[in-house]
Amino acid sequence: MDPWSALNFAYPYDRGGGVFMLNGTLRNCAVVSNTAYYYGGGIYMCAGVVSNCLIQSNRAANSYGGGGVYITNGLVRNSTIRDNYAAAEGGGMYFSYGG
């Protein structure tokens, strides 16, 4: 995604409230006020790069992690992650593998 896009979605059941990434690049965006029931309230990523993004006020509402970002493999760089919440681990970010 480019340039500066805002993402705001409501409550997908499983993961990736704002973005579900299997690969690729997400850049110059704001991922704000999203909720996922389990993993990655803002972003759930299996691989790829998140760059120059604002990730704010997202929630992983149940007993898993990654309120802002849940990463299985990938990289987050030059991004601001703030005011996110997870019911379990990693309110801002949870790394399963990689990073």
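The shown structure was predicted, so the numbers you read here are calculated from the model rather than taken from an experiment.

About the thresholds
Residues numbered from 1 in each chain as written. Predicted model: local features only at pLDDT ≥ 70, side-chain atom pairs only at ≥ 80, totals over all residues. Heavy atoms only, no water. Helix = DSSP H or I, 4+ residues; strand = E, 2+ residues; numbered from the N terminus. Buried < 20%, exposed > 50% of the residue type's maximum accessible area, 1.4 Å probe, protein only. Contact = heavy atoms within 4.5 Å. Pairing = 2+ DSSP bridges. Core = buried A, V, L, I, M, F, W, Y, C linked by side-chain atoms within 4.5 Å. Axes fitted to C-alpha atoms, helices over the stretch in contact; angles between N-to-C directions. Phe/Tyr/Trp six-rings, centres within 6.5 Å; stacked < 30°, edge-to-face > 60°. Lys NZ or Arg CZ within 6 Å of the ring centre and 35° of its normal.

Q: What exactly am I supposed to notice about the overall build of the chain here?
A: Secondary structure assignment for the chain yields 0 helices and 14 strands. Each helix (α) and strand (β) of the chain, taken in turn from the N terminus, gives the series β-β-β-β-β-β-β-β-β-β-β-β-β-β. Of all 99 residues assigned to the chain, the portion counted as buried reaches 42%. For the chain, long-range pairs separated by at least 24 residues make up 70% of all intrachain contacts whose partners lie at least 6 apart in sequence.

Q: Teacher, can you tell me more about the sheet that holds strand 13 (residues 85–86) here?
A: The pairing of strands in a sheet comes from backbone hydrogen bonds and takes either a parallel or an antiparallel form. Reading across from one edge, 5-9-13 is the order of the 3 strands in this open sheet, with parallel pairing throughout. Taken across any chain shown, the strands that pair with only one partner, and hence form the sheet edges, are strand 5 (35–36) and strand 13. Across 2 bridges, the pairing between strand 5 and strand 9 (residues 59–60) is parallel. Note on strand 9: the bridge partner recorded for Thr35 is Arg59.

Q: Sorry, what's going on with the nonpolar core here?
A: Nonpolar side chains in soluble globular proteins tend to be buried together. Counting residues in hydrophobic clusters, the biggest one holds 12 residues: Val19, Met21, Leu26, Cys29, Val31, Ile43, Met45, Val50, Cys53, Ile55, Val69 and Ile71. Secondary structure elements with two or more residues in this core: strand 2 (19–21), strand 4 (29–32), strand 6 (43–45) and strand 10 (69–71). Aside from chain neighbours lying at most four places away, what touches Ile55 is Val31, Ile43, Val50, Gly68, Val69, Thr80, Ile81, Arg82 and Asn84.

Q: For this particular structure, what's the right way to read the sheet that holds strand 6?
A: In spatial order, the strands read 2-6-10-14; together these 4 strands make up an open sheet with parallel pairing. At either margin of the open sheet sits one strand with a lone partner, and together these are strand 2 and strand 14 (93–95). Direction aside, the axes of adjacent strands within the sheet are offset by 5° on average. As paired strands, strand 2 and strand 6 are joined by 3 bridges and run parallel to one another. Across the sheet, residue Met21 finds its bridge partner in strand 6, namely Met45.

Q: What's the story with the packing of aromatic side chains in this structure? I'm lost.
A: Two numbers describe a pair of aromatic rings. These are the distance of the centres and the angle of the planes. Under the counting rule described, the total for this entry stands at 9 aromatic pairs. With centroids separated by 4.8 Å and ring planes inclined at 80°, the aromatic side chains of Tyr37 and Tyr38 adopt a geometry described as edge-to-face. One aromatic cluster is present, formed by Phe20, Tyr37, Tyr38, Tyr39, Tyr44, Tyr64, Tyr70 and Tyr94 through successive ring pairs. Arg15 extends its terminal NZ or CZ atom over the ring of Tyr44, reaching a point 5.2 Å from the ring centre.

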